[in-house]
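# Per-entry structural report
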Amino acid sequence: MGKTLHVGLLVNPLAGLGGGLALKGSDGEAVREIADSLQKGQTSRAAQRCRRSLDRIRSVKVSLQFSCWGGSMGEDVLREAGFDASVLGSPSDGLSDAGDTRDAAVSLQAANVDLLVFVGGDGTARDILDAVGSDTPVLGIPAGVKMHSGVFAVSPEAAGDLMVVLSRGGLVDLKRRDVRDIDEEAFRLDTVRSRFYGELLVPCEGSFLQQTKLGGREDQQLAAAEIAAWQVEKMEPDRTYLVGPGSTTAAIMEELRLPCTLLGVDVVRDGELLLADADEASLLSLIESSNGPFSMIVTVIGGQGHLFGRGNQQISPAVIRAVGSDNINIVASKSKIAGLASRPLLLDTNDPLLDRTLRGLIRVNTGYDDYVIYRVE
């Protein structure tokens, strides 16, 4: 590495577009075409989150050199943020695909970048791994629906901060971190088929990098049942509840004897299912058309500690604001909280102002009439 940090930037412009639509991801040709039609005339979620990282870098005096691919794969957001860049290529078609991601990664590696920064989710991480192997330093800016891998920063700002540390010669370890992904078609049918694909070499500084998502449904069944019994007992007449994804929240639906979307958002009121696997638009429409109070019940991603922004993008900033921060109920087993090893719960709603508003000490329901106080950052 020379005096100037050479960053290769690669943006998957379709990353995360399926989240608010309850599509569970953005893989597959049909989903890509839907996502492309929806993003026309808009700035993509991936570009927005990349811009947040770049703004973090621009706010301090550091020496960086950028290489990228053309258009929405990196050039556009760099130019808009005020950075010069060497453009090494461009997608073969207007709608970029996994092949373009791999080709771009290979070209950036060949340009001898010090760090390959990609914007996407687990599927993008797999493409990067296929293209460059495990010897090129890589960092993910989280922008996908699924981010179970350990190669992502905890937020776009954290990715920017980590690049600043590197550019200033800070001592940052390089470690191999898991790349994991799931079968999206099975995921859309509420079946989790997670697979380990390999490892990428990632600059690691504890406060910046997220952990690999952990499973553990079987050893938390009793705790989930106790939490569910308490949450159902506390439910108020005429109040509408948004029940987020996860095995802990699924136990609440089971306690209510209602069908459950394990990996989606269900809406219930007075013991009846109003919406199953709701997307952002359906949630907002229901909230706007109803006069009654709303609450939401969300759980924590094991190992990572994320409350919002990982796998539950249907619960968007607009939905959170409409429901109200005082009406958010957080549920998690004590073993899941203990597994965080004192790391805080994390927020990555794609709205930094909202994230700051939600920070602080919160109550987490960990059993039947049992709570702990825990920190959210």
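Report on the accompanying structure.

The rules behind each value
Residues numbered from 1 in each chain as written. Predicted model: local features only at pLDDT ≥ 70, side-chain atom pairs only at ≥ 80, totals over all residues. Heavy atoms only, no water. Helix = DSSP H or I, 4+ residues; strand = E, 2+ residues; numbered from the N terminus. Buried < 20%, exposed > 50% of the residue type's maximum accessible area, 1.4 Å probe, protein only. Contact = heavy atoms within 4.5 Å. Areas by Shrake-Rupley, 256 points an atom, 1.4 Å probe, with all protein chains shown as cover. Phe/Tyr/Trp six-rings, centres within 6.5 Å; stacked < 30°, edge-to-face > 60°. Lys NZ or Arg CZ within 6 Å of the ring centre and 35° of its normal. Expected span 1.5 Å × (residues − 1). Salt bridge = Lys/Arg side-chain N within 4 Å of Asp/Glu carboxyl O. Pairing = 2+ DSSP bridges.

## Quick look at the overall build of the protein
Along the protein, the regular secondary structure elements total 13 helices and 16 strands. Across the 377 residues in the protein, those meeting the buried criterion constitute 57%. In the protein, once contacts between residues fewer than 6 apart in sequence are set aside, the share between residues at least 24 apart is 69%. On the protein, roughly 15800 Å² of surface is accessible, and the fraction owed to carbon and sulfur atoms is 47%.

## So, the environment of Asp 103
Within the element layout of this structure, Asp 103 appears in helix H4 (residues 98–110). In this structure Asp 103 comes out as partly exposed when scored by relative accessible area, which is 46%.

## Digging into the packing of aromatic side chains
Tallying each qualifying case throughout the model produces three aromatic pairs. Each ring, one from Phe 66 and one from Phe 83, has its centre 5.2 Å from the other, and the planes form 70°; the classification is edge-to-face. Pair noted here: Phe 66 is in strand E2 (residues 64–68) and Phe 83 is in the loop between helix H3 (75–80) and strand E3 (85–87), with a separation of 17 residues, a long-range link. When sorted by exposure, Phe 66 lands in the same class as Phe 83, which is buried. For the ring pair Trp 230 and Tyr 368, a centre distance of 5.1 Å and an interplane angle of 70° mean the geometry is edge-to-face. In this pair, Trp 230 is assigned in helix H8 (residues 221–234) and Tyr 368 in the loop between strand E15 (360–367) and strand E16 (370–376), connecting sequence segments 138 residues apart. Classification of Tyr 368 as partly exposed rests on a relative accessible area of 41%. Above the face of the Tyr 197 ring, Arg 126 is positioned so that its terminal group lies 3.9 Å from the ring centre.

## Re helix H2 (residues 45–58)
Here H2 spans 20 Å end to end across 14 residues, near enough to the 20 Å set by a 1.5 Å rise per residue. For H2, every residue scored as buried is listed here: Arg 45, Ala 46, Ala 47, Arg 49, Cys 50, Arg 52, Ser 53, Leu 54 and Ile 57.

## Regarding the pattern of salt bridges
All chains considered together, the criterion is met by 15 salt bridges. Where Arg 239 meets Glu 236, a salt bridge forms, and the shortest distance between an N and an O atom there is 3.1 Å. One salt bridge connects Asp 348 with Arg 310, and the closest N-O pair in it is separated by 2.8 Å. Of this pair, Asp 348 sits in the loop between strand E14 (346–347) and helix H13 (352–358) while Arg 310 sits in the loop between strand E12 (306–308) and helix H11 (317–323), and the two are 38 residues apart along the sequence. Taken individually, Asp 348 and Arg 310 each receive the classification buried, so the pair is uniform in this respect. Linked by salt bridges that have partners in common, Arg 49, Arg 52, Glu 157, Arg 310 and Asp 348 make up one network.

## Some details on the pairing of strand E10 (residues 272–275)
Both strand E9 (residues 266–269) and E10 contribute to a ladder of three bridges, which runs antiparallel. If you follow Arg 269 over to E10, its bridge partner there is Glu 272.

## Describing the side chain of Thr 101
For Thr 101, the location among the structural elements is in helix H4. Filtering out sequence-adjacent residues up to four positions away, Thr 101 remains in contact with Leu 10, Met 73, Thr 124, Asp 127 and Ile 128.

## Focus on unusual backbone geometry
Non-glycine residue Asn 350 carries a positive phi angle of around 75°. Note that Asn 350 resides in the loop between E14 and H13. Not every positive phi belongs to a glycine, and Asp 369 is a case in point at roughly 55°. Relative to the assigned elements, Asp 369 resides in the loop between E15 and E16. Of the residues examined, Asp 369 reaches a relative accessible area of 49% and is grouped as partly exposed.

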